[in-house]
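What the coordinates show
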Amino acid sequence: MKSVVKQEVLALNGDEAVAFAAKQSDVDVVAAYPITPQTIIVERFSEYVANGEVETEFVCTESEHSALTACLAASVTGARTFTASASAGLALMHEMLFVTSGCRAPVVMAIANRALSAPLNIHGDHSDTMTERDSGWIQIYVENAQEAYDSVIQAFRIAENTDVLLPVIVGLDGFTLSHTLENVHVLSDDAVKRFVGTRKFINVTNHEGKTVPFKLDPNNPTSMGPIALPNYYFEFKRQQEEAMKNALKVIQDVNKEYAAISGRSYGDGLVDAYHVEDAEVAIVCLGSTAGTVKAVVDELRAEGVKAGLLRIRTFRPLPVERIVDTLKNVKAVAVMDRSMSFGGNGGPVFHEVRHALYDAEKHPYIVNYIYGLGGRDTSPMQVRKIYEDLQKILRTKRVETRVQHLGLRE
Amino acid sequence: MRVTAKEKSWKEISPAGVCWKASTQFLTGDWKTYKPVRDLEKCTRCLLCVLFCPDGAIHWKPEKGDIEFDYNFCKGCGICANECPAKAIEMKLE
Ligand code: SF4
Ligand code: SF4
């Protein structure tokens, strides 16, 4: 695809790419608390503020719970708001994640995905965001620093769309992406500013029966989120679910529109399929691991093996129809999970993909590999082993072990 | 709380729990089981109860030179009766 705007190539790590995208997105308020491996994001951003490169109000808070509270408060006044966190920081935000989505505040938050303690570990896995998958936030997992940059810009458009009005998490794998230098193509400040535009507001009826914009404004007073008793709480939750459904279309539209100016798109914005159309064996995964899997798919294809990959880019809302449709001709599927659901029947991504396929016409063999916990490296050889296991399942027509641990010392 | 059919559907209400009624229209006084009743003889008009009431349900009426209970908002917590130095308030079962 040809890009229509001039772009520069910068050497940025994933965190810097995120900070750069936020800088260009005309953000009004950033409230944050540092935590590895996200720290570079807010560090860079605070430099932009100190240098006068942005007019953003930067709020240093005393904890992540306060950081998100400040972001929520700013967002409901109509400010474009951004923050970043990881691991224990995100866990400390847990309560406010629900308040933010419940108040329909379109906050964008980058998460440099990291393991949770104990034992203490600062390295990459998806335990932090998977724990928050039911908190009402849209979740986009990126494959590289370029996609981290592009996705943060897109996230504002998705979050602030008046059919959506939901907060968005952009997840990038800790260290693998957050701290690794890549060539990143960046748009001009103007092009990004035009793309993100300004926030638009729906109208609501306030307590005086007046129609007012949906934001906290002393001239048009309204209040949001104070209380809903058993006679109304359920209805508000149903609205959030509808917003998630609307987001499926909005994410695809934004992906297309962004492709038109940048020349870059990520599948349809929801899933990124690689050689799946005619694949017999396929891996489903999220995030940076897809890069390794694609390289192995190339090798296997050269050897005549019909291997494919389905990267789920948008995990919330889960693109169920796209997953089922993309995998419809695959005979054996391995789902890779970079977090554990202790005592569950496999990892969370496995639960969801296997559940989605229950209503499919044809059921592939499906197995689960837990991998990469606490930053454990996942090599091309290990990925190759997964494809070999899948081929063996097709030969023997038997699944020996449903859930396995990849790269674990037995 | 009883859910009735005349209440609005999820498609009709503003998002995020935006209030469509002012707090003065939500009569929260129907929670109470005990009601504060004042003995006018014992009451010294010290106004401590006005300060202590967590719901602002006791009003000082300068034109009357007296206080007044607003039972539409009094939740019957009994704090006023407990704090009254003259023991002028009795909590009576409704
Ligand atoms: S605290 Fe007791 S004495 Fe004082 S004004 Fe109230 S009822 Fe009267
Ligand atoms: S019972 Fe409680 S709510 Fe009622 S008037 Fe006394 S202090 Fe106020």
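Let us look at the structure shown here. Because the structure is predicted, anything quoted here is derived from the model rather than measured.

**As for helix α7 (residues 145-160) of chain A**
Residues and elements named next belong to chain A. Counted at 1.5 Å a residue, the expected span for α7 with its 16 residues is 22 Å, and the 23 Å between its end C-alpha atoms agrees. Its axis deflected by about 25° at Gln154, α7 carries its strongest bend there. Summarising burial for α7: 15 of the 16 residues are buried, a large majority.

**Considering the pairing of strand β2 (residues 29-32) of chain A**
Residues and elements named next belong to chain A. Burial along β2 is two-sided: the face carrying Val29 and Ala31 and the face carrying Val30 and Ala32 are both buried. Where β2 and strand β3 (residues 57-60) come together, 4 bridges link them in parallel fashion. Residue pairing across strands places Val30 opposite Phe58, the latter belonging to β3. Handedness of the β2-helix α2 (residues 39-50)-β3 crossover: right-handed. In terms of strand pairing, β2 meets strand β4 (residues 81-85) through 2 bridges, oriented parallel. Across the sheet, Val30 pairs through a bridge with Phe82, a residue of β4.

**Re the interface of chain B and chain A**
Chain B puts 17 residues into the contact, and the matching count from chain A is 23 residues. Summing both partners gives a buried area of about 1,900 Å² for chain B against chain A, and 68% of it is carried by carbon and sulfur. On inspection of chain B and its partner chain A, the count reaches 0 salt bridges. For the pair chain B and chain A, the number of links is 10 residue pairs in polar contact (both at pLDDT 80 or more). Looking at the side of chain B that touches chain A, its residues break down into 10 nonpolar, 4 polar and 3 charged.

**Notes on the state of the cysteines**
Tallying each qualifying case throughout the model produces 0 disulfides over all chains. Considering cysteine sulfurs only, Cys103(A) is the nearest to Cys19(B), which forms no disulfide, with 11 Å between them.

**Topic: the sheet that holds strand β12 (residues 281-285) of chain A**
Residue and element names in this part refer to chain A. One open sheet holds the 6 strands; their spatial order is β11-β13-β12-β15-β16-β17, and the pairing between them is mixed. Two strands close off the open sheet at either side, each with one partner strand: β11 (271-274) and β17 (403-405). The sheet shows a mean angle of 20° between the axes of neighbouring strands, direction not considered. As defined by bridge partners, β11 adjoins strand β13 (residues 307-312) across 4 bridges and the pair is classed as antiparallel. Residue Tyr274 lies in a different strand from β13, and its bridge partner there is Leu309. Contacting β11, β12, β13 and β15 (332-337), helix α10 (residues 289-302) crosses the sheet at an angle of about 165° to β13.

**Observations regarding the site of ligand 1**
Around ligand 1, the neighbouring residues are Arg38(B), Cys43(B), Thr44(B), Arg45(B), Cys46(B), Leu47(B), Cys49(B), Cys84(B), Pro85(B), Ala86(B) and Ile89(B). Of the residues belonging to the shell around ligand 1, the class tally is 8 nonpolar, 1 polar and 2 charged.

**Side note on the site of ligand 2**
Taken together, the neighbourhood of ligand 2 is formed by Pro36(B), Cys53(B), Pro54(B), Ile58(B), Phe69(B), Cys74(B), Lys75(B), Gly76(B), Cys77(B), Gly78(B), Cys80(B) and Met91(B). Residue composition of the shell around ligand 2, grouped by class: 9 nonpolar, 2 polar and 1 charged.

**Regarding the sheet that holds β3(A)**
Residues and elements named next belong to chain A. Taken in spatial order, the 7 strands of this open sheet run β3-β2-β4-β5-β7-β6-β14, and their pairing is mixed. If you trace the sheet from one side to the other, it starts and ends with β3 and β14 (314-316), each paired once. When strand polarity is set aside, the average angle formed by the axes of neighbouring strands in this sheet is 20°. One ladder, built from 6 bridges, connects strand β5 (residues 108-113) with strand β7 (residues 168-173); its direction is parallel. Within β7, the residue paired with Ala110 across the bridge is Val170.

Rules used in this analysis
Residues numbered from 1 in each chain as written. Chains lettered and ligands numbered in written order. Predicted model: local features only at pLDDT ≥ 70, side-chain atom pairs only at ≥ 80, totals over all residues. Heavy atoms only, no water. Helix = DSSP H or I, 4+ residues; strand = E, 2+ residues; numbered from the N terminus. Expected span 1.5 Å × (residues − 1). Bend = angle between axes of the 7 residues up to and from the residue. Buried < 20%, exposed > 50% of the residue type's maximum accessible area, 1.4 Å probe, protein only. Pairing = 2+ DSSP bridges. Right-handed = clockwise from strand over helix to strand, strands pointing away. Contact = heavy atoms within 4.5 Å. Buried area = accessible area lost by both parts, 1.4 Å probe. Salt bridge = Lys/Arg side-chain N within 4 Å of Asp/Glu carboxyl O. Polar contact = N/O pair within 3.5 Å; in protein donor to acceptor, adjacent residues only side chain to side chain. Nonpolar A, V, L, I, M, F, W, Y, C, P; charged D, E, K, R; others polar. Disulfide = S-S within 2.5 Å. Axes fitted to C-alpha atoms, helices over the stretch in contact; angles between N-to-C directions. Near = heavy atom within 4 Å.

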